[in-house]
Amino acid sequence: MTPDRRILFVHAHPDDESIGTGATMAKYAAEGAHVCLVTCTLGEEGEVIPPELRHLAADRDDRLGEHRIGELARACAALGVRDHRFLGGAGRWRDSGMMGAPTNDDPACFWQADVDLAAAELVGIVREVRPQVIVTYDDNGFYGHPDHIQAHRVAWRAFEKAADPAFGEGEPWTPSRFYATAMPLSELARSLDAGPFKRVNSVADLGFGVPDEQVTTRVDATAQIEAKTAALRAHRTQISVAGGHFALSNDIGQPVHGVEYYTRLAGEPGPVGEDGRETGLFG
């Protein structure tokens, strides 16, 4: 058990935590680490998959966002994550929609949030939880979504400012490591056989992935594949799961990976495995 280990994940919408980092979160939770998840929006602009739930979509009363709070709670339970917060409180910032959508201009959306204001909210959580490690996306938001890009900006600012007593409230704290989620292009190439869902011809069609040499860290959490799968199933409005694969509303299949990859953006390197990559996020 490792109760002295504390790690903070910053994600844009409900379901992002399960798709990109679910196995890692479940692994560290099972090992006794304090795993804290911060979600920046309710995902009000998500595209709903099940026909019987599509009435929740595009509803300016944001019933979809309210519904996704419950989905996220069930996903966290599946992953063993007991500490979850919405940045600034549930609904403080709204889902911005995909890049270029009219919803990007909504003054209430996360894309329009003042970075220092949002970072101050996150710094408060960092100083309370006192994580050694912060995990979010790279500066492209993994695949270019404005809320993912903003999550990176806010998390990086909080990482920089958490030790500054003049910024925000609470006792200063210095996290030691900062990671971005990553998917090596070689791994994507091996995943093109996408089971029962729609398949693509090349990794370029997927719209994400990074060169292998950019990936510093490989976390083997295959023992938590069932927990990750259960968490994906919990996000029923957004994700279909079948045969060891899952798909979003575009119906393009991806394997449910028990090995998850990251790029270390700050902090000293940790122990490495046979492939030359770090084997964990705590160093």
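What you see is a predicted model, and the numbers here were worked out from it, not measured in a lab.

## Let's talk about the overall build of the protein
In step 1: Within the protein one finds 7 helices and 10 strands.
In step 2: Against the 2.2 N^0.38 benchmark of 19 Å for 283 residues, the protein shows a C-alpha radius of gyration of 18 Å, consistent with a compact globule.
In step 3: Viewed in the frame of its principal axes, the protein has a C-alpha envelope of about 50 × 50 × 30 Å.
In step 4: Counting the 283 residues in the protein, one finds 55% classified as buried.
In step 5: Sequence-distant contacts, at least 24 apart, represent 76% of the contacts inside the protein between residues at least 6 apart.
In step 6: When the accessible surface of the protein is split by element, carbon and sulfur atoms take 50% of a total near 12100 Å².

## Examining the packing of aromatic side chains
Centre distance and the angle of the planes are the two values used to describe a pair of aromatic rings.
In step 1: Going through the model one piece at a time under the given rule, you end up with 7 aromatic pairs.
In step 2: Members of the aromatic cluster, each reached through a chain of ring pairs, are Trp156, Phe159 and Phe178.
In step 3: The ring of Trp93 has Arg92 lying over it, and the distance from NZ or CZ to the ring centre is 4.2 Å.

## Focus: the environment of Glu71
In step 1: Of note, Glu71 is situated in helix H2 (residues 63-79).
In step 2: Judged by relative accessible area, Glu71 falls into the buried class, the value being 1%.
In step 3: In sequence terms Glu71 and Glu171 are 100 residues apart; their C-alpha atoms lie 33 Å from each other.
In step 4: Not counting residues up to four positions away in its chain, the partners in contact with Glu71 are Ala234, His235, Arg236 and Thr237.

## Brief notes about the UniProt feature "binding site: Zn(2+)" (unreviewed entry) in the protein
In step 1: The positions UniProt marks with the feature "binding site: Zn(2+)" (unreviewed entry) are His13, Asp16 and His148. The annotated residues occupy 136 residues of the chain but converge on a single region, no pair of C-alpha atoms lying more than 9.5 Å apart.
In step 2: Tracing the backbone shows His13 in the loop between strand E1 (6-11) and helix H1 (16-30).
In step 3: Here His13 falls in the buried class, since its relative accessible area comes to 5%.
In step 4: What His13 contacts, discounting residues up to four positions off in sequence, is Thr39, Thr41, Gly43, Arg68, Asp95, His145, Asp147 and His148.
In step 5: When you line up the elements, Asp16 lands in helix H1.
In step 6: Once residues lying within four places of it in the same chain are set aside, the contact partners of Asp16 are His11, Thr21, Tyr137 and His148.
In step 7: At 2.9 Å, the side chain of Asp16 and the backbone nitrogen of His13 are in polar contact.

## Considering the environment of Gly170
In step 1: By secondary structure assignment, the location of Gly170 is in the loop between helix H5 (146-161) and strand E5 (177-182).
In step 2: Relative accessible area serves as the criterion here: at 52%, Gly170 is assigned to the exposed category.
In step 3: In this structure the C-alpha to C-alpha distance between Gly170 and Tyr28, which are 142 residues apart in sequence, comes to 26 Å.

## Comments concerning the sheet that holds strand E7 (residues 240-242)
In step 1: Taken in spatial order, the 3 strands of this open sheet run E7-E8-E9, and their pairing is antiparallel. In this open sheet, the two edge strands, each paired with only one partner strand, are E7 and strand E9 (253-255). Within the sheet, the average angular offset between the axes of one strand and its neighbour, ignoring direction, is 30°.
In step 2: Of the pairings in the sheet, the one linking strand E8 (residues 245-247) to E9 comprises 3 bridges and is antiparallel in character. Residue pairing across strands places Phe246 opposite Gln254, the latter belonging to E9.

## Points about the sheet that holds E1
In step 1: The 7 strands are arranged E3-E2-E1-E4-E5-E10-E6 in an open sheet whose pairing can be described as mixed. Edge strands, defined here as strands with exactly one partner in the open sheet, are strand E3 (83-86) and strand E6 (217-220). Neighbour to neighbour, the strand axes of the sheet diverge by 25° on average, direction disregarded.
In step 2: Taken together, the 5 bridges between E5 and strand E10 (residues 259-266) define a ladder with antiparallel strand orientation. From the neighbouring strand, Ala182 faces E10, where its bridge partner is Tyr261.
In step 3: Sitting on the sheet, H2 is in contact with strand E2 (34-39) and E3, with an inclination near 155° to E3.

## Description of the pairing of E5
In step 1: Of all the 6 residues making up E5, 6 are buried; the element is thus mostly covered by neighbouring parts of the structure.
In step 2: Because side chains alternate across E5, one face comprises the buried residues Arg177, Tyr179 and Thr181, and the other comprises Phe178, Ala180 and Ala182, equally buried.
In step 3: Two elements, strand E4 (residues 133-136) and E5, share 4 bridges in a ladder whose sense is parallel. Within E5, the residue paired with Thr136 across the bridge is Ala180.

Calculation notes
- Residues numbered from 1 in each chain as written.
- Predicted model: local features only at pLDDT ≥ 70, side-chain atom pairs only at ≥ 80, totals over all residues.
- Heavy atoms only, no water.
- Helix = DSSP H or I, 4+ residues; strand = E, 2+ residues; numbered from the N terminus.
- Rg over C-alpha atoms; globule rule 2.2 N^0.38 Å.
- Buried < 20%, exposed > 50% of the residue type's maximum accessible area, 1.4 Å probe, protein only.
- Contact = heavy atoms within 4.5 Å.
- Areas by Shrake-Rupley, 256 points an atom, 1.4 Å probe, with all protein chains shown as cover.
- Phe/Tyr/Trp six-rings, centres within 6.5 Å; stacked < 30°, edge-to-face > 60°.
- Lys NZ or Arg CZ within 6 Å of the ring centre and 35° of its normal.
- UniProt positions renumbered as here; feature names shortened; annotations may be inferred.
- Polar contact = N/O pair within 3.5 Å; in protein donor to acceptor, adjacent residues only side chain to side chain.
- Pairing = 2+ DSSP bridges.
- Axes fitted to C-alpha atoms, helices over the stretch in contact; angles between N-to-C directions.

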